[in-house]
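Coordinate inspection notes
Now for the letters of each chain:
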Amino acid sequence: MVKLESSWLDLLADIFETPWFAEIKNKIIQERKQYAIYPPANLFFNAMDLCPVPQTKIVILGQDPYHGTGQAHGLSFSVPFGIDIPPSLLNIYKELESDLGVKPATHGNLEAWAKQGVLLLNSSLSVRANSPASHFYIGWEKFTDLIIERVSQNKENLVFMLWGSFARKKKFLIAQDKNHLVLEAPHPSPLSASKGFFGCKHFSKANRFLQAHELEPVCWEL
């Protein structure tokens, strides 16, 4: 039985009974025999465990977990306390300060966002140590695409932040008839942040949208 927060378990229950999801689990088991895998298995679903379906207001899509020792803990762009802040997250903090005057945090742990309804979802939920994108082949993307589809079909007035070409390609998965706000920008990576991520003002746009629909805005300060 999959251990998962109850509202997500209800939304995704049929998926966990499919042969292709069983194959994901089998591939992970085989990978663990040869490699270190991040994050720890109990944190694969951390984004959902911290952000139940009824509380979800914003979805920020990442690609796959950080592949360095101790970095990944199941939340896109986030690292645990005590781990150096990755370059993309530093740029997210810079945009936050420019947009809303939020002073950059001294750590990279975004759990406080997740607990306010920000689903920090990676497309792949695991990775081989020191090998980026190494687990895309095992089937995670099919699973997380269904998460995007179902949460967008079952809720209204969500905000989707799609940063970079990979995330922007997921736009077609978002239900068109539920009044969602889709915000697109280049990736916050140092390679692309200056091409339009800086100045996108997604954080203020998201909060204005939430408030316009009588939803509590996110406190982005960490």
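Now for a description of the structure that goes with this document. Since this is a predicted model, take the numbers as computed values, not measurements.

Once that is clear, we can look at the layout of surface pockets. The calculated volume of the largest pocket comes to roughly 500 Å³. What lines the largest pocket is a set of 25 residues, among which Q63, D64, F77, S88 and H187 lie closest to the centre. For the lining of the largest pocket, the secondary structure elements donating two or more residues are β2 (58–62), α4 (87–100) and α7 (165–168). In terms of residues, the lining of the largest pocket owes the most to one element, α7, which gives three residues. For the lining of the largest pocket, the residue count by class is 13 nonpolar, 11 polar and one charged. Space inside the second largest pocket adds up to approximately 360 Å³. Along the walls of the second largest pocket sit 15 residues, with V2, K25, A41, F44 and F45 positioned nearest its centre. Per-element tally for the lining of the second largest pocket: the top contributor is helix α2 (residues 19–32), with five residues. Tallied by class, the residues present in the lining of the second largest pocket amount to 11 nonpolar, one polar and three charged.

The tally for this structure, following the rule as stated, stands at 18 aromatic pairs. Each ring, one from W20 and one from F21, has its centre 6.4 Å from the other, and the planes form 75 degrees; the classification is edge-to-face. Cluster of aromatic residues (ring-pair linked, three or more members): F16, W20, F21, F44, F45, W140 and F143.

Of the consecutive residues Y38 and P39, the connecting peptide bond is found in the cis state with omega at -10 degrees. Within the secondary structure, P39 is located in the loop between β1 (37–38) and α3 (46–49). Located in the positive-phi region is N130, a residue other than glycine, with phi close to 60 degrees. Along the chain, N130 turns up in the loop between β4 (127–128) and α6 (140–154).

Two elements in contact, α2 and α6, have axes whose closest approach is 9 Å; the angle formed by their N-to-C orientations is 130 degrees. Looking at the two axes, α2 sits oblique to α6. The crossing of α2 and α6 is left-handed. Taking contact as the criterion, the partners of W20, F21, I24 and I28 in α2 are, on α6, W140, K142, F143 and L146.

Within a beta sheet, neighbouring strands are joined by backbone hydrogen bonds and run either parallel or antiparallel to one another. On the basis of which strands lie adjacent, the open sheet formed by four strands has the order β3-β2-β5-β6 and parallel pairing. Two strands lie at the open edges of the sheet, namely β3 (118–122) and β6 (181–185), each paired on one side alone. In this sheet, adjacent strand axes meet at a mean angle of 20 degrees when their direction is disregarded. Relative to β3, β2 runs parallel, the two being bridged by five bridges. Within the sheet, the bridge partner assigned to L61 lies in β3 and is L121. Here α6 sits on the sheet in contact with β2, β3 and β5 (159–163), set at roughly 155 degrees to β3.

This next bit is on empty space enclosed by the protein. A complete count under the given rule lists three cavities of 30 Å³ or more for this structure. Here the largest cavity is characterised by a volume of approximately 40 Å³. Along the walls of the largest cavity sit P39, L43, F44, P65, G74, L75, S76, L120, L121, N122, S124 and L125, which together make up its complete lining. Residues that form the lining of the largest cavity fall into these classes: eight nonpolar, four polar and no charged.

What counts, and where the lines are drawn
Residues numbered from 1 in each chain as written. Predicted model: local features only at pLDDT ≥ 70, side-chain atom pairs only at ≥ 80, totals over all residues. Heavy atoms only, no water. 1 Å grid on protein atoms, 1.4 Å probe; cavity = no way out; pocket = protein on both sides within 12 Å on 5 of 7 lines; lining within 4 Å. Points joined across faces, edges and corners; volume = space filled by probe spheres on them. Helix = DSSP H or I, 4+ residues; strand = E, 2+ residues; numbered from the N terminus. Nonpolar A, V, L, I, M, F, W, Y, C, P; charged D, E, K, R; others polar. Phe/Tyr/Trp six-rings, centres within 6.5 Å; stacked < 30°, edge-to-face > 60°. Axes fitted to C-alpha atoms, helices over the stretch in contact; angles between N-to-C directions. Parallel < 35°, antiparallel > 145°, perpendicular 65-115°, else oblique. Left-handed = near helix turned anticlockwise from the far one by under 90°. Contact = heavy atoms within 4.5 Å. Pairing = 2+ DSSP bridges.

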